[in-house]
2 protein chains.
Amino acid sequence: MAFIDHIRACNAHDMSRFRPFRTAGQTAGWIHDDFIATLARRSDLFAIQPHAVTLNRELATPEQRSKALDPFLRELKDEGMIKGWRDERYPVTPRWRDEPLMTMERAAIPFFGVRAYGVHINGHVETRPGSNDGLQVWVGKRSRSKPTAPGKLDHLVAGGQSFGVGLMDNVVKECAEEAAIPESLARTARPAGFVSYVMENEEGIRNDVLFVYDLAVPADFVPVNTDGEIEDFYLWPLERVFETLTSGEDFKFNVALVAIDFLVRRGLIPPEDPDYLAIVHGLRLDAAAL
Amino acid sequence: MAFIDHIRACNAHDMSRFRPFRTAGQTAGWIHDDFIATLARRSDLFAIQPHAVTLNRELATPEQRSKALDPFLRELKDEGMIKGWRDERYPVTPRWRDEPLMTMERAAIPFFGVRAYGVHINGHVETRPGSNDGLQVWVGKRSRSKPTAPGKLDHLVAGGQSFGVGLMDNVVKECAEEAAIPESLARTARPAGFVSYVMENEEGIRNDVLFVYDLAVPADFVPVNTDGEIEDFYLWPLERVFETLTSGEDFKFNVALVAIDFLVRRGLIPPEDPDYLAIVHGLRLDAAAL
């Protein structure tokens, strides 16, 4: 399996079956044809047009929109359509750092194709700081009970970005929950870019931006999962990450992209690779639109 | 001046005034309307159509194409249209690592809007390897006699990628010429991605991919320019690079992009910046097309 195949897998979608989700004059997301009949039950909330779904324009403020939509989403949860309800509010923010048009339960996000943000942290141990010699990377194994990608390999720490939480505060929170990393260490995580993709799934579409952080942890640090989401951690030489990525789909689909970005930045994928431009460019597909 | 302004400056173009340069059934470049009358003098070489310029299809091999075009390009040099003749052959390669469709004198490349490749090297000194504490960056001041961007700030080493030269061999060659860096040190340069842009200029269009390398040099290393292209070198704290980029255009236009990429990868541009997605995505504009 080539690196570019992981990128293609995360960007598999047929946009001809989606129409824009319009809110307050902006494209807030993308809605699949299969979800239209469900939305059509609520003509008080949604105007269904051939080329768009528009949220009722009379809902004039973010609060009004969020409050009007929420009972309907809970209905869909009770009917079993929206699975894995999290009680986490995500901002509906077509452009990063704009004021949200509203907030929405995390589990509903892919149905509306709303762009979601997250933080992914490459936890690594450097024998010779700055060098790849002896560089090791912490890899988590996701719990088999996770709704998404059970049993797949993961980063040391990763998490979604809820409404009203700062990025670094989220890094600190997730570091504590997922790997028992003390705050003083978590705050040394260094931003290093982002990865994005647009991936169709059975619910709709994942339209994700993952902010990437590198966190150098001491050689004697051992992560301990505290929220049950990770069942085991391994400390791997960077080369093993490379080999695992090129041999199959053991890594969770989007974790593979962040790991490939790390390999690019650390120089393990050579620019002589015929796919090099496609790989490096492909790690941030579609971000221009948002 | 914001980081995004440097990216916009490198991507200023009006493609409505360009038409594809077709060679052997492929789009090999982009030709400005103002260059058409010159090409029309040679109907044996070029077929001028409203929406394309096509190189004579009877030129069946890369050698035939290169040989047929060269005397015409030398005519344009003698007429003073093509300036700064280098006697360097660039590959005409619409896709990285494909066999070239032909080779072309470097000075003619922007007239035909052919994608050009180069290597740019961030030379830095790390007080604490892997950390930004005390990190310093070598900055060159370009000779005032350079045809492009005279007197502007530059990288420790940068150079164009000629036909038939390997990337790392080019790194080694340019390191020796531009900064008297010994081969053993030059070979420790680590690839870290690429930067690309499409910038209209008075000759046509620069359609460039710059492969980015990081080179950690010892604290006692002092670069010496040997080819007259750099008149001075400075060792700056990384923060001074940041401040110089945000205060104006002292850096050469494309060096600014590679420096911004370095700041992103080292975490000096925070993801909380409202422009963050546009900056990180914008550093690699248009590469998908090639």
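Residues numbered from 1 in each chain as written. Chains lettered and ligands numbered in written order. Predicted model: local features only at pLDDT ≥ 70, side-chain atom pairs only at ≥ 80, totals over all residues. Heavy atoms only, no water.

1. So, unusual backbone geometry
Next, step 1: Positive phi, close to 55 degrees, is recorded for Asp87(A), a residue that is not glycine.
Next, step 2: Mapped onto the secondary structure, Asp87(A) falls in the loop between α3 (62–78) and β5 (89–92).
Next, step 3: One non-glycine residue, Ala180(B), adopts positive backbone phi at about 55 degrees.
Next, step 4: Looking at the secondary structure, you find Ala180(B) in the loop between α5 (167–179) and α6 (183–186). (Helix = DSSP H or I, 4+ residues; strand = E, 2+ residues; numbered from the N terminus.)

2. A few points about the packing of helix α7 (residues 238–247) of chain A against helix α8 (residues 253–265) of chain A
Residue and element names in this part refer to chain A.
Next, step 1: Packing of α7 against α8 leaves a shortest axis separation of 11 Å and a crossing angle of 130 degrees. By the angle class used here, α7 and α8 are oblique. α7 and α8 meet at a crossing whose hand is left-handed. Contacts between α7 and α8 pair Leu238, Val241, Phe242 and Leu245 from the former with Ala256, Ala259, Ile260, Phe262 and Leu263 from the latter.
Next, step 2: In terms of residue class, the contact of α7 with α8 is built from nine nonpolar, no polar and no charged. (Axes fitted to C-alpha atoms, helices over the stretch in contact; angles between N-to-C directions. Parallel < 35°, antiparallel > 145°, perpendicular 65-115°, else oblique. Left-handed = near helix turned anticlockwise from the far one by under 90°. Contact = heavy atoms within 4.5 Å. Nonpolar A, V, L, I, M, F, W, Y, C, P; charged D, E, K, R; others polar.)

3. Considering the pairing of strand β2 (residues 26–32) of chain A
Residue and element names in this part refer to chain A.
Next, step 1: Sheet topology places strand β1 (residues 18–23) next to β2; six bridges connect them, and they run antiparallel. Residue pairing across strands places Pro20 opposite Trp30, the latter belonging to β2.
Next, step 2: The turn joining β1 and β2, which pair antiparallel and follow one another in sequence, is formed by two residues; a positive phi near 50 degrees is taken by Ala24. (Pairing = 2+ DSSP bridges.)

4. A look at the sheet that holds strand β3 (residues 46–49) of chain B
All names here are of chain B.
Next, step 1: Read across the open sheet, the four strands follow the order β2-β1-β4-β3; overall the sheet is mixed. Of all strands in the sheet, those bounded by a partner on one side alone are β2 (26–32) and β3. When strand polarity is set aside, the average angle formed by the axes of neighbouring strands in this sheet is 25 degrees.
Next, step 2: Together, β1 (18–23), β2, β3 and β4 (52–55) form the strand contacts of helix α2 (residues 33–40), whose direction differs from that of β2 by roughly 105 degrees.

5. A word on the pattern of salt bridges
Residues and elements named next belong to chain A.
Next, step 1: Applying the stated rule across the entire model yields 50 salt bridges over all chains.
Next, step 2: Asp70 is paired through a salt bridge with Arg74; the nearest N and O atoms lie 2.8 Å apart. One end of the pair is Asp70 and the other is Arg74, both in helix α3 and four residues apart, which spans about a single turn.
Next, step 3: A relative accessible area of 32% places Arg74 in the partly exposed class.
Next, step 4: Between Lys173 and Glu177 there is a salt bridge, with the nearest N and O atoms lying 3.6 Å from each other. Separated by four residues within a single helix, Lys173 and Glu177 lie in helix α5 (residues 167–179), roughly one turn from each other. (Salt bridge = Lys/Arg side-chain N within 4 Å of Asp/Glu carboxyl O. Buried < 20%, exposed > 50% of the residue type's maximum accessible area, 1.4 Å probe, protein only.)

6. A closer look at the side chain of His32(B)
All names here are of chain B.
Next, step 1: Looking at the element boundaries, His32 is found in strand β2.
Next, step 2: His32 gets classed as buried once you look at its relative accessible area, which sits at 10%.
Next, step 3: From its side chain, His32 meets the backbone nitrogen of Asp34 in a polar contact 3.0 Å long.
Next, step 4: Ignoring any residue separated from it by four or fewer positions in sequence, one finds His32 in contact with Arg17, Phe18 and Glu200. (Polar contact = N/O pair within 3.5 Å; in protein donor to acceptor, adjacent residues only side chain to side chain.)

7. What about α3(A)?
Residues and elements named next belong to chain A.
Next, step 1: When the terminal C-alpha atoms of α3 are compared, their 24 Å separation across 17 residues agrees well with the 24 Å that a helix rising 1.5 Å per residue should span.
Next, step 2: Where α3 bends most, the angle comes to about 30 degrees, and this point is Asp70, followed within four residues by the proline Pro71.
Next, step 3: For α3, the complete set of buried residues consists of Arg65, Ser66, Ala68, Leu69, Asp70, Phe72, Leu73 and Leu76.
Next, step 4: Positioned one or two residues after α3, Gly80 has a phi angle of 90 degrees, which is positive. (Expected span 1.5 Å × (residues − 1). Bend = angle between axes of the 7 residues up to and from the residue.)

8. A few points about the interface of chain A and chain B
For an interface, size is often stated in terms of accessible area lost upon the parts coming together.
Next, step 1: Across the boundary between the two partners, chain A contributes 34 residues, which contact 34 residues of chain B.
Next, step 2: Summed over both sides, the interface between chain A and chain B buries roughly 2900 Å², with carbon and sulfur atoms accounting for 63% of that surface.
Next, step 3: Considering only the surface of chain A that becomes buried against chain B, Arg190(A), Leu277(A) and His281(A) emerge as the three largest contributors, covering 23% of it.
Next, step 4: In this structure, the connection of chain A to chain B is made through zero salt bridges.
Next, step 5: Remark: the boundary between chain A and chain B carries 14 residue pairs in polar contact (both at pLDDT 80 or more).
Next, step 6: Of all the secondary-structure elements, those providing two or more residues to the side of chain A that touches chain B are β7 (115–125), α5, β11 (190–200), β12 (205–216), α8 and α9 (276–282) of chain A.
Next, step 7: With five residues, the single largest contributor to the side of chain A that touches chain B is β11(A). (Buried area = accessible area lost by both parts, 1.4 Å probe.)

9. Here we look at the environment of Arg19(B)
All names here are of chain B.
Next, step 1: With respect to the helices, strands and loops of the structure, Arg19 is situated in strand β1.
Next, step 2: Residue classification places Arg19 among the buried residues on the basis of a relative accessible area of 14%.
Next, step 3: Along the primary structure Arg19 and His51 are separated by 32 residues, whereas in three dimensions their C-alpha atoms are 5.6 Å apart.
Next, step 4: At a separation of 3.3 Å, a polar atom in the side chain of Arg19 contacts the side chain of Asp33.

10. Digging into the pairing of β1(B)
All names here are of chain B.
Next, step 1: Of all six residues making up β1, five are buried, and the element is well covered by its neighbours.
Next, step 2: Where β1 lies against β4, two bridges are found, and the strand directions are parallel. Bridged to Arg22 within β4 is Thr54.

11. What to know about the packing of helix α1 (residues 3–10) of chain B against helix α8 (residues 253–265) of chain B
Residues and elements named next belong to chain B.
Next, step 1: Remark: α1 packs on α8, axes separated minimally by 9 Å, with the N-to-C direction vectors making an angle of 140 degrees. The angle between α1 and α8 falls in the class oblique. Considering the relative orientation of α1 and α8, their crossing is left-handed. Residues Phe3, His6, Ile7 and Cys10 of α1 form the contact with α8, whose own contacting residues are Phe253, Asn254, Ala256, Leu257, Ile260 and Leu263.
Next, step 2: Residue composition of the contact of α1 with α8, grouped by class: eight nonpolar, two polar and no charged.

12. Looking at the relation of the copies chain A and chain B
Next, step 1: For the pair chain A and chain B, the best superposition has an RMSD of 0.0 Å and corresponds to a rotation of 180 degrees with a translation of 0.0 Å parallel to the axis. Expressed as a symmetry operation, the mapping of one chain copy onto the other fits a two-fold axis. When C-alpha positions in chain A are compared against the rotation axis, the closest is assigned to Gly130(A), at 2.0 Å.
Next, step 2: When the interface residues of chain A are mapped onto chain B, 100% of them again lie at the interface, so the same face is used by both copies. (Least-squares fit on C-alpha atoms with pLDDT ≥ 70 in both.)

13. Here's the deal with the confidence of the model for chain A
Regions with low pLDDT carry predicted coordinates that are not meant to be interpreted in detail.
Next, step 1: In this model, chain A carries a mean pLDDT of 95, and residues with pLDDT of at least 70 account for 98%.
Next, step 2: Across the assembled chains, the prediction reports ipTM 0.94 with pTM 0.95. (pLDDT = per-residue confidence, 0-100.)

14. With respect to the sheet that holds strand β4 (residues 52–55) of chain A
Residues and elements named next belong to chain A.
Next, step 1: Ordered in space as β2-β1-β4-β3, the four strands form an open sheet in which the pairing is mixed. Lying at the two open borders of the sheet, with one neighbouring strand each, are β2 and β3 (46–49). Across this sheet, the average inter-strand angle for adjacent strands is 25 degrees, counted without regard to direction.

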